2 protein chains.
Amino acid sequence: MISWKNLDMLPAYGKLNELKNHVNLQEAMAGENGAKRVKEYAAPMAAGLTYHYAAKQMDEDVLAALQALADEAQLTAKYEALYDGAVINTGEKRLVLHQLTRGQLGTDVTADSVNKRDFYVAQQQKAAAFANKVHAGEITNAAGEKFTTVVQIGIGGSDLGPRAMYLALENWAKQNGCFKMEARFISNVDPDDAASVLKSIDLPHSLFVLVSKSGTTLETLTNEAFVKDALKNAGLDPAKHMVAVTSETSPLASSSDYLAAFFMDDYIGGRYSSTSCVGGAVLSLAFGPEVFARFLNGAAEEDALAKNADIKQNPAMLDALIGVYERNVQGYPATAVLPYSQALSRFPAHLQQLDMESNGKSVNRFGEPVSYVTGPIIFGEPGTNGQHSFYQLLHQGTDIVPLQFVGFSQNQAGMDVDIQGSTSQQKLCANVAAQIMAFACGKTDANPNKNFAGGRPSSIIIGKQLTPEALGALLSHFENKVMFQGFVWNLNSFDQEGVQLGKVLAKRVLAHDTDGALKAFSDLLEI
Amino acid sequence: MISWKNLDMLPAYGKLNELKNHVNLQEAMAGENGAKRVKEYAAPMAAGLTYHYAAKQMDEDVLAALQALADEAQLTAKYEALYDGAVINTGEKRLVLHQLTRGQLGTDVTADSVNKRDFYVAQQQKAAAFANKVHAGEITNAAGEKFTTVVQIGIGGSDLGPRAMYLALENWAKQNGCFKMEARFISNVDPDDAASVLKSIDLPHSLFVLVSKSGTTLETLTNEAFVKDALKNAGLDPAKHMVAVTSETSPLASSSDYLAAFFMDDYIGGRYSSTSCVGGAVLSLAFGPEVFARFLNGAAEEDALAKNADIKQNPAMLDALIGVYERNVQGYPATAVLPYSQALSRFPAHLQQLDMESNGKSVNRFGEPVSYVTGPIIFGEPGTNGQHSFYQLLHQGTDIVPLQFVGFSQNQAGMDVDIQGSTSQQKLCANVAAQIMAFACGKTDANPNKNFAGGRPSSIIIGKQLTPEALGALLSHFENKVMFQGFVWNLNSFDQEGVQLGKVLAKRVLAHDTDGALKAFSDLLEI
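Residues numbered from 1 in each chain as written. Chains lettered and ligands numbered in written order. Predicted model: local features only at pLDDT ≥ 70, side-chain atom pairs only at ≥ 80, totals over all residues. Heavy atoms only, no water.

So, the relation of the copies chain B and chain A: which residues are in play, and what are the values?
In summary, the two copies of the chain are related to each other by a rotation about an axis coupled with a shift along it. Once chain B is rotated about the relating axis by 180° and shifted along it by 0.0 Å, it coincides with chain A to within an RMSD of 0.0 Å. Put plainly, the chains are arranged around a two-fold axis. Same-surface contact between copies: 100% of interface residues of chain B are shared with the interface of chain A. (Least-squares fit on C-alpha atoms with pLDDT ≥ 70 in both. Contact = heavy atoms within 4.5 Å.)

Explain the packing of helix α13 (residues 347–359) of chain A against helix α16 (residues 468–489) of chain A to me, using residue names and the numbers behind them.
All names here are of chain A. The geometry of α13 relative to α16 is characterised by a closest axis approach of 10 Å and an angle of 20° between their N-to-C directions. Between α13 and α16, the interaxial angle falls into the category roughly parallel. Helix-helix and strand crossings are classified by hand; for α13 and α16 the assignment is right-handed. Contact residues: Phe347, His350, Leu351, Leu354, Asp355, Ser358 and Asn359 in α13; Leu471, Leu474, Leu475, Phe478, Glu479, Val482, Gln485, Gly486 and Trp489 in α16. When its residues are assigned to classes, the contact of α13 with α16 shows nine nonpolar, five polar and two charged. (Axes fitted to C-alpha atoms, helices over the stretch in contact; angles between N-to-C directions. Helix = DSSP H or I, 4+ residues; strand = E, 2+ residues; numbered from the N terminus. Parallel < 35°, antiparallel > 145°, perpendicular 65-115°, else oblique. Left-handed = near helix turned anticlockwise from the far one by under 90°. Nonpolar A, V, L, I, M, F, W, Y, C, P; charged D, E, K, R; others polar.)

Give me the environment of Leu501(A): which residues, what numbers.
Tracing the backbone shows Leu501(A) in helix α17 (residues 500–510). C-alpha of Leu501(A) to C-alpha of Gly177(A): the two residues are 324 residues apart in sequence and 47 Å apart in space. If near-sequence neighbours (up to four positions away) are discounted, Leu501(A) is found in contact with Ala438(B), Gly442(B), Lys443(B) and Phe452(B).

Could you give an account of the sheet that holds strand β2 (residues 50–52) of chain B, with specific residues and numbers?
Residues and elements named next belong to chain B. As summarised here, the arrangement of the six strands in space is β1-β2-β15-β12-β10-β11, forming an open sheet in which the pairing is mixed. Only two strands of the sheet have a single neighbouring strand rather than two, namely β1 (42–44) and β11 (377–379). Averaged over neighbouring strand pairs, the angle between their axes works out to 15° when direction is ignored. (Pairing = 2+ DSSP bridges.)

If you had to explain the side chain of Gln435(A) to someone new, which residues and values would you point to?
Considering the arrangement of structural elements, one finds Gln435(A) in helix α15 (residues 424–441). A distance of 2.8 Å separates polar atoms of two side chains, one belonging to Gln435(A) and the other to His395(A). If we ignore the near neighbours within four places in the chain, the residues touching Gln435(A) are Tyr340(A), Gln387(A), Tyr391(A), His395(A), Phe405(A) and Gly502(B). (Polar contact = N/O pair within 3.5 Å; in protein donor to acceptor, adjacent residues only side chain to side chain.)

Kindly report on the sheet that holds strand β1 (residues 42–44) of chain A, identifying the contributing residues and their values.
Residues and elements named next belong to chain A. With respect to topology, six strands assemble into an open sheet ordered β1-β2-β15-β12-β10-β11, the strand pairing being mixed. Both edges of this open sheet fall to β1 and β11 (377–379), since each of them pairs with a single strand only. Strand after strand, the sheet turns through a mean of 15° between neighbouring axes, direction not considered. In this sheet, strand β2 (residues 50–52) lies alongside β1 in antiparallel orientation, the contact comprising three bridges. Each residue of the ladder has a partner; that of Ala42, found in β2, is His52. Lying on the sheet, α15 is in contact with β10 (334–340), β12 (403–408) and β15 (458–463); it crosses β12 at an angle near 155°.

So this is what it looks like as structure tokens:
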């Protein structure tokens, strides 16, 4: 029987609080003990990845307390309830089924009178068939010419995830002979965003994917109109250049304005939609359906690992619990995501939405205020770039920021150069290894300006190469981490009421129905 | 006589601490009083911009305390000492002269036996003359063909600032007939970064700008070798395709490997180098020297405003002091930078480096530990995109994050569309106005999940359009804000010792001179 309790109602949380500053990371990671930790504090993931937490402030005492917390919070039972179709999104009274887009983890889930796994698979197959026809030149522009570019129009979850995934696999696909079409993205209602993309593409050979679950997202419909204007001005028929990804009940679903429509539903939150047709259409068009299927397989395999009740065998759950320890016991306000992979340049921006929109909340799943801190600030940039930027604060600032590294031993593009006895890839990897140790152990210097206190915890996910499977596993890992943290904090991680008030006020501004400071600012901005 | 004192030694800081939670923002911004605040709490900037702080937790009491703090901390005198050539960078024993790249604020500064203003102007003129010759087809590739693309190779300050400035003006330049060459950037030592850029450009018509002050930056020299390999493999002579931006004493300065060399010096920190030749070469090549000169003029005008001792007439100083109040008195850990302008998409990443690398420190300018928090975490994405991402946490999360908005009433590209009675630009502006009010005043709802507490402070810089002058003013504003905060916290904002340890350890990894955990991680990464 599942019981939804606030974190501070769980006895294990009290015990965990007694373990504040329990591990001296500088000592733990020094010498051969450090090497032993690297070997032992490693949890295998899907697609050959491993989650390493040797440089976190963990020992067997803290891990045991985290295991007790996982058990008391019933994390595996709650996950099971979720993938078996319980109404986990209590605020909006919805099921939460994004895992079902990549695999069947539990019992069949029936909603809206259909088997939802069948529904998602059918939509994938529809998008795959469409993509194959585009690639084969069976679906073309009105002149019978092949489409060469796909442009996704969407914002938030319809933009950040798919864009990050596209960038993550672009070089890999080019190197592995499965690059089909270039993809671009229009998201911002700032007209300069659409103008810039439209000026840079070959409009007659561009296919647009309009993504809006409700079919009413202001930015997306505005950008659709922007694009349709441009197509018409170029003498092209918009209906021959556009597909829709939406819900079956939206006004877009059966419109003749689109070549095709692929469906998602209310059980896939925007920020969890990369593995639905929201990501599937554009990624299948860009790289082919086989690559998208491999991406889903990596995610499915990682989702299955998340069922394990033993936190040492469940990297997403362990990562989540370590994050709770760092946030609620150690009192750290933020987490930095630092992939040592240029291909993951926008992955931190996606995780920023995933995490902050899911768990940036002050009330529990029953709408009652909680008395502990919840989701941290998430930010990050790829390494080694970040080293030459904000790492100064991470090493020597007055706040401690836990770090989440990602690294691969091989590059994607297959081009490298040997300088001073090492390749660029080796230099990249040497830097991330060095950073972990610099953050953990620091270095004593008689000059306080050159002194490094250390004691700054980090984890790293290491893999061989960023393949479609590895990307799917990475995505699943973070989605499930956020989900488990939401369970621990007793939040509903699947609504986002915090974005509503701004929308309401913006409509009032556009209707010139304002007074006071809102009118004053509107006047200054010449609206 | 300047006296460098820690913040907690200043009597005004004690008084400021008594003003914690002094202003109820929800009440202050409501009704006609809110409109009055918008009118009164506005400080004019250069280039027609205005810094608005009505939605900050300010009133005349707090402002008076901040003015007292500015006076006691001798902020104007310290700024004067800086631009008149004092050794402000105590750690490295260097002058700090980036303001001199855009204007002469005080007395002549002589160093290395030359007038430094003359030196910087001469380098700008050299870069301008070179750019004009490239545009005129007087400097060409070996086949006598014009260069069409410029690629900057640099990292950290040689990348983030110039890249952000290029993106900020790209659409403006295209619309205003001064777009000369496309610019691209290679920064990361990850070989996939250079590979990706090289595959996407027209190599025979590309000119590379190698930027390294010391001429020894690992990433940059490695990427230079990467590019030279590619040029040679394409049958091209690297020396005909490359210029250097470096210091006069670096090994690159007089090398025959470059078509030309433009100089900066040790008095320009990397993160403050956008207005030196580090930004000047690539921006003059991309947009022409006249546009770069206009950018400098905007910065110079804003620098001059920063001399004002009255904080209400000195937006950079006021912004800095409000930030200190939020960080040290209110206890907020981070600041979000939220430009409602797609052109400023990478401006937050630049500010992240500028701020966190300058003030993310735990020791004062004399190397003594400080007992108060210093630089905050800085992050951000352009609006309206962020609204559909991390704003949930900003509105309803358990931590308060102060916000720094930027907005313009006109777009850059001159394309727009009218949907449902408003243009995209109007929708963009309506959203930022709405967000300010939603954050400040919130909204009471009987359903706690839909309740907005408000009380979340923000400022906004408003301008007519993002022109070169406006961009220069914006850049100067934030550089001077960070400088003034460094003065208040008694830090040396111009060194970055925190990045050194990682470099040392990475070298050891590449030399296979490791043991313990560092060796274990290196093995896992197959170095």
